[in-house]
Amino acid sequence: MSGDLFTQAFVYLTAALIAVPIANRLGLGSVLGYLFAGVVIGPFALGLVGREGQDVMHFAEFGVVMMLFLIGLELRPSLLWEMRRTILGLGGLQVVVTAIVVAGIAWALGLAPGPAITTGMILSLSSTAIVLQSLSEKNLLRTAGGQASFSVLLFQDIAVIPMIAVIPLLASRAPEVAADAAHGAGHADRPAWLQALLVLAAIGGIIVAGRFLVRPMFRYLASTRQREVFTAAALFLVIAITLLMQRVGLSAALGTFLAGLVLAESEYRHELEGDLEPFKGLLLGLFFISVGASIDFALLMEQPLLIAALVLGLVVVKLGVLYVVARVFGLVRPARWLFAFALAQGGEFAFVLASFALQNGVLTREQAGPIVAVVALSMLATPLLLIVVERFVLPRVTDATPERADDEIPHHDNPVVIAGFGRFGQIVGRLLRATGYETTVLDHDAETVEGVQRAGLKVYYGDASRIELLHAAGCARAKVFVLAIDDRERSLQIARAVRQHFPNLQVIARAWDRLHYYELRKLGITHVFRETFGSAMEAGTATLRALGLRAHQAHRASQAYRAQDARALEELAELWDGDEDVYFAAVRRANEEAERLLKASAKQREIVSDGAFDNEVLRPDA
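For every chain, the first residue of the written sequence is number 1, and numbering continues from 1 along that sequence. Residue-level local features of this predicted model are given only where pLDDT is at least 70; pairs of side-chain atoms are given and counted only at 80 or more, and the full residue set underlies all totals for whole chains, interfaces and linings. Only hydrogens and water are set aside; all other atoms, that is, all heavy atoms of the structure, feed into the side-chain values.

1. So, the sheet that holds strand E4 (residues 480-483)
So, step 1. When DSSP finds at least two bridges between two strands, those strands are taken to pair. Numbered from the N terminus, helices here are DSSP runs of H or I no shorter than four residues, and strands are runs of E no shorter than two. The strand order across the open sheet formed by 6 strands is E3-E2-E1-E4-E5-E6, and the pairing between neighbours is parallel. Here the strands that pair on one side only, and so sit at the sheet edges, are strand E3 (460-461) and strand E6 (527-530).
So, step 2. The pairing of E4 with strand E5 (residues 506-511) spans 4 bridges and is parallel. Bridge pairing in E5 places valine 482 opposite isoleucine 508.
So, step 3. Whether two residues touch is decided by their heavy atoms; if any such pair falls within 4.5 Å, the residues are in contact. Note on definitions: angles span 0 to 180 degrees between N-to-C directions of axes, and those axes are lines fitted to C-alpha atoms, for helices only across the stretch in contact. Across the sheet, helix H18 (residues 423-434) lies against strand E1 (416-419), strand E2 (439-443), E4 and E5, angled at about 160 degrees from E1, the strand it touches most.

2. A word on a negative patch on the surface
So, step 1. Patch building starts from residues that exceed 30% relative accessible area and form no salt bridge, then joins like charges within 9 Å and nonpolar side chains (Val, Leu, Ile, Met, Phe, Trp, Tyr) within 5 Å. Methods summary: accessible areas were calculated by the Shrake-Rupley approach with a probe of 1.4 Å, and residue burial reflects only the protein chains presented. When a carboxyl oxygen of Asp or Glu lies within 4 Å of a side-chain nitrogen of Lys or Arg, that pair is called a salt bridge. Under this rule, positive means Lys or Arg and negative means Asp or Glu; His and the chain ends count for nothing. Taken as the charge location is NZ of Lys, CZ of Arg, CG of Asp or CD of Glu. Negative charge collects at one region of the surface, where Asp445, Glu447, Glu450, Asp486, Asp487 and Glu489 lie side by side.
So, step 2. Tracing the chain through its elements places glutamate 450 in helix H19 (residues 446-454).

3. A short note on the packing of aromatic side chains
So, step 1. By convention, a stacked pair of Phe, Tyr or Trp rings (six-membered ring in the case of Trp) has centres within 6.5 Å and planes under 30 degrees apart, an edge-to-face pair has planes over 60 apart, and any other such pair is tilted. All chains considered together, the criterion is met by 6 aromatic pairs.
So, step 2. Ring centres of tryptophan 337 and phenylalanine 341 lie 6.1 Å apart, and the angle between their planes is 45 degrees; this geometry places the pair in the tilted category. With a gap of 4 residues between them, tryptophan 337 and phenylalanine 341 both fall in helix H15 (residues 333-342), about one helical turn apart.
So, step 3. Using a 1.4 Å probe on the protein chains alone, a residue whose accessible area is under 20% of its type maximum counts as buried, one over 50% counts as exposed, and one in between counts as partly exposed. You can call tryptophan 337 partly exposed: its relative accessible area is 23%.
So, step 4. A centroid spacing of 6.1 Å and a plane angle of 80 degrees characterise the contact between tyrosine 518 and tyrosine 583, whose relative ring orientation is edge-to-face. On the criterion of sequence distance, the pair formed by tyrosine 518 in helix H22 (residues 514-522) and tyrosine 583 in helix H25 (residues 580-607) is long-range, its members being 65 residues apart. The same class applies to tyrosine 518 and to tyrosine 583, which are both buried.
So, step 5. Grouping aromatic residues by their ring pairs yields a cluster made of Tyr517, Tyr518, Tyr583 and Phe584.
So, step 6. A ring has a charge above it when a Lys NZ or an Arg CZ is no more than 6 Å from the ring centre and no more than 35 degrees off the ring normal. Geometry around phenylalanine 533 places arginine 530 over its ring, the cationic atom sitting 4.1 Å from the centre.

4. What about the nonpolar core?
So, step 1. Only buried Ala, Val, Leu, Ile, Met, Phe, Trp, Tyr and Cys residues count toward a nonpolar core, and they belong to the same one when joined by side-chain atoms within 4.5 Å. Of all hydrophobic cores here, the largest spans 133 residues; its most connected members are Phe288 and Phe339.
So, step 2. At 15 residues, the largest contribution of residues to this core is made by helix H17 (residues 365-400).
So, step 3. Each residue touching phenylalanine 288, except ones within four places of it in the same chain, is listed here: Val31, Tyr34, Leu35, Ala129, Ile130 and Gln133.
So, step 4. Core analysis: the next-biggest nonpolar cluster, separate from the first, contains 33 residues, Ala419, Val498, Phe502 and Ala573 among them.

5. Remarks on a nonpolar patch on the surface
So, step 1. A contiguous nonpolar patch, built from Val101, Ile105, Leu109, Leu306 and Leu310 and spanning about 410 Å² of accessible area, is present on the exposed surface.
So, step 2. Among the secondary structure elements, those contributing two or more residues to the nonpolar patch are helix H5 (84-108) and helix H14 (304-328).

6. Comments concerning the pattern of salt bridges
So, step 1. This model, assessed by the stated rule, comprises 10 salt bridges.
So, step 2. Arginine 510 is paired through a salt bridge with glutamate 531; the nearest N and O atoms lie 2.6 Å apart. Taken as a pair, arginine 510 in strand E5 and glutamate 531 in the loop between E6 and helix H23 (533-546) lie far apart in primary sequence, 21 residues in all. For the pair arginine 510 and glutamate 531, a shared accessibility class is recorded, and that class is buried.
So, step 3. One salt bridge in this structure joins aspartate 565 and arginine 530, with 2.5 Å as the shortest N-O distance.

Written as structure tokens, this is what we have:
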């Protein structure tokens, strides 16, 4: 293929535009789409990209660096400090145990001790790019298993440094002279004390510069109001740190992660995220395509059974080790399975370490070739493993987790029972508490209950749809029941139970939207409040004031609209489950009536110069 830059860009972009939407439509995720695109355009299929694919991969690895910078921006140093146990403990345990087990197997298969240990270290690492991108797409990164995976990946980035230092010591033959030096391998000739000093100086320099130089620089650039200059500065920052890390032999991803962490609480955090996010997405896609294109199918065709067995063996061994390590570390069952499946592949640093080991005479080409092929194929299998764990494993182990029992509620006669203490229920509860009314609060979310109790408020864990719990909460003696949960179906279930078993209890209910409102009204609940309606009306009133209306004029327009909407809502509630044409005709009439009413009100304002202080005019507003 021609080495023309635009032709290469055209091929890569075309492959991505075809493969990624198809993969997403099939529920496979974008990562698998990129990988398959690379396989198809690679030298062993269509041959649209060839040897230049390796150069492209080196460039595309910059996407991984940028991703770690953005992750650092999203974390606070205090949160990272809270994760120190999993980063150092779980990460260290995983790398050491996996390296020992894989090295032992390699030695048993006939490798000498040096190559066996090197193989163990190389295969103990996992793919930061594929794992974090896949977990993020599936909204699993914030789960316990996702956070544990992130912590271990962060530790692995650190572990690459001592591995690069140790590999030359395991050589048993003369080093090969390679044309392409591995990233950052040039530091291996330095004395250990000088290397350690340079590493500490680089980390310290990033922290000091992040706190005292970068923020003033961004402040100055922001004052120029040139968006492209700010974007260029963000790219400059990431590239400069990458070059610095390569000079001192540190992982560039680790360095940019530290820089992102330092800037996480700066006022330019969101601007940096917005500027770098498109570059990160494109470069990561390029990286995944390059991985797919680099798979050596010629070697795979020569020894298909051996390579397949090695890939399967790697995944099974790592999955087993990861599960045991996670169990030792006390992760719950769903988190253990997600953690094990997510990290059961080789990582991108394996390409660097295998090349470095080859140059230093630790591995032969016959040994390094299968390792690289196995790592690439295991990376290709990762999205499929995540689909398996998400669709088949997690539902089973999550269902098997014993449900927390309801809390014991002591006998009392509080006048108000609140079901649901999220963002809606908490406002109601705090208002009642501040005005001296005692409440009994129920919530079915264990995290919410623990969080609120830590804030000093008493909340009982339990399912408010259970009649026994409603009796225990004192519904038979209470005056008001506030239905504030955010689950539509459960809300209706509780409403039916309360109406059936406590018909004299007044219910005040939260509605998600108009349809939920209609359903609650149909159950006979008269006090129903749409959760966003009040705040939307306040925002509309403020907008009218911003457009030049005086405060009383904006208030009257808002009140008129609210009253008309309430009347229309009651009429529509009677029609919504009947003929659709009739319902939507009524909706159109209601909208026209609201516009007519408010336009008439505007004309009235033009006629009456100012009735703001006329008691007769103000009386209807009261």
